[in-house]
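# A closer look at the structure
One letter stands for each residue in the lines below.
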Amino acid sequence: MTARRALVTGASSGIGEAVARLLASKGYRVALLARRQAELERVLAELPGDGHVVLPCDLTDPAAIERSIETLDTRFGGLDLLVNNAGVGYRAKVEELDPKTLKRVFDTNVFALLLACQAALPLLRRSERAVVVNVASVVGRRGIPGQAAYSASKAAACSIGEALRVEWAEDRISVCTLNPALTTTGFFEAQANPGDLPHPDLAEASPADEVALHVLALDRRPEPERSLRWKWRLLGALSAIRPRLADRMLVRRLGGGWRTPRW
Ligand SMILES: NC(=O)c1ccc[n+]([C@@H]2O[C@H](COP(=O)([O-])OP(=O)(O)OC[C@H]3O[C@@H](n4cnc5c(N)ncnc54)[C@H](OP(=O)(O)O)[C@@H]3O)[C@@H](O)[C@H]2O)c1
């Protein structure tokens, strides 16, 4: 049996690194994409199996995305699993937003996702069973205070998944959205936080390895969308049908001095 060929963006740390390790341990050939080449090489050196490849790339540069996919095609001759995982956070109240950072968040979390899907499409079309897993977030289904920009970028990622899974149905490419909740990675340290909003309590966070298992499960048996943690699933659904109740629940859950709106 030939190995499945996977591209994992944001594979230099956190969830992406855990996904790359898990897939390689299951016999996949893995292409590791991120900006920090040294970190990609570190992960590569520890992967079981062979035939893996690193693709140093800044996803905010559309031409660099094109080049990486071309290199991938030359090395792998196609693609079976695309894991769009790279992302950046931004903890800031709307009054503190800085246009440059805002652009970087949307370039990375939204535009790069669209452009990577577009560039990878010809490769995915050649696969016998193609799957795309977009790593969005539970906050894509319920915007949260202090993270309006990040929440909006992840809502866009959820929306892209909804559109794409129908658009690509004819090509039999399964598009899945995975919404992790809090996960113990360097994510919060890496992100802009101009107003110094308190970091969330990571006591209840999932390990990155647990999120990686969901990516593998989605590749084996694709589903449209999977949100981790039932309380967030409930919050997402309630926000659509009972927004006031959802606001109350959210404020209680977040703590941190946020107030429930009065109507
Ligand atoms: N941690 C959480 O609590 C949590 C919860 C829900 C969803 N998520 C989502 O999960 C995904 C992975 O996050 P994580 O928690 O694993 O955080 P992380 O450790 O900070 O990983 C982010 C990854 O994205 C890559 N990246 C960022 N900007 C990039 C760019 N311009 N070009 C290429 N690669 C870029 C980073 O690599 P380089 O710096 O080397 O480029 C890094 O590998 C993100 O999409 C995040 O939004 C995280």
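Given the structure is predicted, the values throughout are model-derived calculations rather than measurements.

Procedures and definitions
- Residues numbered from 1 in each chain as written.
- Predicted model: local features only at pLDDT ≥ 70, side-chain atom pairs only at ≥ 80, totals over all residues.
- Domains from an automatic or database assignment.
- Contact = placed C-beta atoms within 7 Å.
- Nonpolar A, V, L, I, M, F, W, Y, C, P; charged D, E, K, R; others polar.
- Pairing = 2+ DSSP bridges.
- Helix = DSSP H or I, 4+ residues; strand = E, 2+ residues; numbered from the N terminus.
- Axes fitted to C-alpha atoms, helices over the stretch in contact; angles between N-to-C directions.
- Core = buried A, V, L, I, M, F, W, Y, C linked by C-beta atoms within 7 Å.
- Buried ≥ 20, exposed ≤ 12 C-beta atoms within 10 Å, placed from the backbone.
- Near = placed C-beta within 6 Å.

## Section: the domain arrangement of the chain
Taken domain by domain, the chain consists of domain 1 (5-228) and domain 2 (230-263). Its C-alpha centre places domain 1 at a distance of 27 Å from the equivalent point of domain 2. Counting residues at the interface gives eight residues for domain 1 and ten residues for domain 2. Residue composition of the side of domain 1 that touches domain 2, by class: five nonpolar, one polar and two charged.

## Some remarks on the sheet that holds strand E2 (residues 29-34)
The strand order across the open sheet formed by seven strands is E3-E2-E1-E4-E5-E6-E9, and the pairing between neighbours is parallel. Looking at the sheet topology across the chains shown, the edges are occupied by strand E3 (53-56) and strand E9 (225-227). Strand-to-strand twist of the sheet, defined as the mean angle between neighbouring strand axes without regard to direction, takes the value 15°. Alignment of strand E1 (residues 5-9) against strand E4 (residues 81-84), held across three bridges, turns out to be parallel. When the bridges of E4 are listed, valine 8 appears paired with valine 83. Strand contacts of helix H2 (residues 37-46): E2 and E3, with the helix running at about 170° to E3, the strand carrying the most contacts.

## A closer look at the nonpolar core
Among the nonpolar cores identified, the biggest contains 56 residues, and Leu7, Val8, Leu32 and Val83 are the most heavily contacted of them. No other element matches helix H4 (residues 99-125), which puts eight residues into this core. Valine 83 has contacts with Ala6, Leu7, Val8, Thr9, Val19, Val133, Val135 and Val215, leaving out every residue within four places of it along the chain. If you look at the next biggest cluster of nonpolar residues, it comprises twelve residues, including Val105, Val139, Trp232 and Leu250.

## Overview of the site of the ligand
Around the ligand lies a shell of 29 residues, among which Gly10, Gly14, Arg35, Arg36 and Gly87 are the nearest. Counting only elements with at least two residues in the shell around the ligand, the list comes to helix H1 (14-25) and helix H6 (187-190). If you tally residues by element for the shell around the ligand, the top one is H1, at three residues. Its residues assigned to classes, the shell around the ligand shows eleven nonpolar, 14 polar and four charged.

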